[in-house]
Amino acid sequence: MKIEIAERLKKLPPYLFAEIDRVKRELLAEGKKLIDLGVGDPDQPTPSHIIRALERGAKNPSSHRYALDFGMGELREAVAAWYKSRFEVELDPDREVLPLLGSKEGIANISLALINPGDTVLVPNPAYPVYQAGAIFAGGDPVPMPLLKNNGFLPDLDAIGEKTASKAKMMFLNYPNNPTTAVCELEYFRQVADFCRKQGIIVCHDAAYTELAFDGFRPPSFLQAVGAREMGMEFHSLSKTYNMTGWRVGFALGNEEIIRGLSQVKSNIDSGIFRAVQIAAIEALNGPQDFRNDMIELYQKRRDLLVGGLNSLGWKVEKPKATFFVWCANPPGYDSAALTGLLLEKAGIVTTPGVGLGRYGEGYIRMALTRSEEEIAAALERLSALDLGWD
Ligand SMILES: *Cc1c(COP(=O)(O)O)cnc(C)c1O
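Residues numbered from 1 in each chain as written. Predicted model: local features only at pLDDT ≥ 70, side-chain atom pairs only at ≥ 80, totals over all residues. Heavy atoms only, no water.

Considering helix α4 (residues 73-87)
Three or four residues apart is the spacing at which side chains of an α-helix point the same way, because the helix has 3.6 residues per turn.
And step 1. Its 15 residues place the ends of α4 21 Å apart at the C-alpha level, agreeing with the 21 Å of an ideal helix rising 1.5 Å per residue.
And step 2. Among all positions of α4, only Leu75, Arg76, Ala78, Val79, Ala80, Trp82, Tyr83, Arg86 and Phe87 are buried.
And step 3. At its buried positions, α4 is contacted by β2 (97-100), β7 (232-237), β8 (250-254), α12 (275-286) and α13 (291-312).
And step 4. In the stretch just after α4, Glu88 is the one whose phi turns positive, near 60 degrees. (Helix = DSSP H or I, 4+ residues; strand = E, 2+ residues; numbered from the N terminus. Expected span 1.5 Å × (residues − 1). Buried < 20%, exposed > 50% of the residue type's maximum accessible area, 1.4 Å probe, protein only. Contact = heavy atoms within 4.5 Å.)

What follows is the structure, given as structure tokens:
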């Protein structure tokens, strides 16, 4: 019997990393030592007090049963208290906070809660691929909002156009931004809130990197913008903040109706987060936060090493103000797939082609700061042996 997969899977954009993955496997099989600056996954362990809380939770038999769909009350309260202390945003833990199996899960499922077939969804481009995939799975029609250097990699709201704006049901945003590393001030969120309220567009802001900012910068929350909760919500995650990508804990916060809709989708799909993980998440949010300064210092040192090194080789790279990525403009004459391929084959360095995250990412590659200073120095050494034609 021939198995036909569903149309929605065929509508996903082509997977552009297949060729890179193939070459990577080949080089590894040949015994080559690759330096992987491709993945955005912290190399540091989860802080030990959080792991101890998981152990305590795992030993309690009440953890072993199905968890509540909408999470433990203590966890929702810890999230609300954390938002209050970090952003001065007051949230009702019972109605405006929903724990997720990682924010990716919520980002994918939010479209099922809000999007009808044919609805326009405004999606930044380049971007984390899940915004677009979720919209497609719900039958929505994703429309790209280009993130361009001359706009500080912020969507130009005036460029959206009356026709598209009036058709749009929802907009995804993400600041600090992956992959461009751009940040925005609260004033931009205010403009987004005003624009979207006028046009009747729901805003879903992905705030995964607010705690990973450098040089003293404190990124705002979208929910700080006046009126944001009338039409908006935010995703947050413990993944990057607490080195907990494997644990799968995130949150949806904000507009009560949106949260209720997402919660209804989820209660039909999953059965909550393992209680021991929730207990660990409470410890992460309520426990000591001082390790964060060390973490930022670590990434900041790597950033300065990588950006300084690249620029001394002729690259024209700006120091990111946030995230653990560096968004590198290509040398003249290279498109991002060709450059990524060349760096892999000639230098054994894995990077991410900007175009793989959306067509407006062409002209850039992304490098991650999730490797040690020794490895970054080794990567720079290998790069210095290449002639990429920088003047
Ligand atoms: C890493 C990341 C997330 C977090 O995903 P989790 O599912 O919470 O681990 C969300 N958005 C972006 C843009 C990311 O890079």
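What about the site of the ligand?
And step 1. Surrounding the ligand, one finds 14 residues, the nearest of these being Asp206, Ser237, Ser239, Lys240 and Arg248.
And step 2. In the environment of the ligand, an oxygen atom lies 2.9 Å from a nitrogen or oxygen atom belonging to the side chain of Asn178.
And step 3. Coverage of the ligand by the protein chains reaches 94% of its 390 Å² of free accessible surface.
And step 4. Among the secondary structure elements, those contributing two or more residues to the shell around the ligand are α5 (103-114) and α10 (238-241).
And step 5. Classifying every residue of the shell around the ligand by side-chain character gives 4 nonpolar, 6 polar and 4 charged. (Near = heavy atom within 4 Å. Polar contact = N/O pair within 3.5 Å; in protein donor to acceptor, adjacent residues only side chain to side chain. Areas by Shrake-Rupley, 256 points an atom, 1.4 Å probe, with all protein chains shown as cover. Nonpolar A, V, L, I, M, F, W, Y, C, P; charged D, E, K, R; others polar.)

What to know about the domain arrangement of the chain
Interfaces are often sized by the accessible area lost when the parts come together.
And step 1. Split by domain assignment, the chain resolves into domain 1 (7-45 + 291-384) and domain 2 (48-286).
And step 2. Computed over C-alpha atoms, the centres of domain 1 and domain 2 are 25 Å apart.
And step 3. Domain 1 puts 34 residues into the contact, and the matching count from domain 2 is 35 residues.
And step 4. In terms of surface lost to domain 2, no three residues of domain 1 exceed Arg292, Thr323 and Tyr360, which account for 20% of the buried area on that side.
And step 5. In this assembly, domain 1 and domain 2 are joined by 3 salt bridges.
And step 6. Notably, a salt bridge pairs Arg292 with Glu211, separated by 3.0 Å at the nearest N-O pair. (Domains from an automatic or database assignment. Buried area = accessible area lost by both parts, 1.4 Å probe. Salt bridge = Lys/Arg side-chain N within 4 Å of Asp/Glu carboxyl O.)

Notes on α5
And step 1. Taking 1.5 Å of rise per residue, 12 residues should cover 16 Å, and α5 covers 17 Å from first to last C-alpha, within 8% of that figure.
And step 2. Looking only at α5, the buried set comprises Ser103, Glu105, Gly106, Ile107, Asn109, Ile110, Ser111 and Leu114.

Description of the sheet that holds strand β12 (residues 364-368)
And step 1. The sheet built from 3 strands is open, its strands ordered β9-β12-β11 with antiparallel pairing. Looking at the sheet topology across the chains shown, the edges are occupied by β9 (325-329) and β11 (352-353).
And step 2. The pairing of β9 with β12 spans 5 bridges and is antiparallel. Bridging from a neighbouring strand, Trp327 pairs with Arg366 of β12.
And step 3. Of the strands in this sheet, β11 and β12 are in contact with helix α14 (residues 336-347), which crosses β12 at around 45 degrees. (Pairing = 2+ DSSP bridges. Axes fitted to C-alpha atoms, helices over the stretch in contact; angles between N-to-C directions.)

Re empty space enclosed by the protein
And step 1. For the structure shown, the criterion picks out 1 cavity of 30 Å³ or more.
And step 2. In this structure, the largest cavity encloses a volume near 50 Å³.
And step 3. Along its surface, the largest cavity is lined by Val79, Trp82, Tyr83, His236, Ser237, Leu238, Tyr242, Phe251 and Leu285.
And step 4. Here the lining of the largest cavity takes 3 residues from α4, the largest share from any one element.
And step 5. Classifying every residue of the lining of the largest cavity by side-chain character gives 7 nonpolar, 2 polar and no charged. (1 Å grid on protein atoms, 1.4 Å probe; cavity = no way out; pocket = protein on both sides within 12 Å on 5 of 7 lines; lining within 4 Å. Points joined across faces, edges and corners; volume = space filled by probe spheres on them.)

What to know about the pattern of salt bridges
And step 1. A full pass over the atoms with the stated rule returns 26 salt bridges.
And step 2. Linking Asp270 and Lys266 is a salt bridge whose minimum nitrogen-to-oxygen distance equals 2.7 Å.
And step 3. Given the relative accessible area of 3%, Lys266 is considered buried.
And step 4. The partner of Asp304 in a salt bridge is Arg303, with the nearest N and O atoms 3.0 Å apart.
And step 5. By relative accessible area, which is 30% here, Asp304 ends up partly exposed.
And step 6. A single network of salt bridges, built from pairs that share partners, joins Lys2, Glu4, Glu7 and Lys10.

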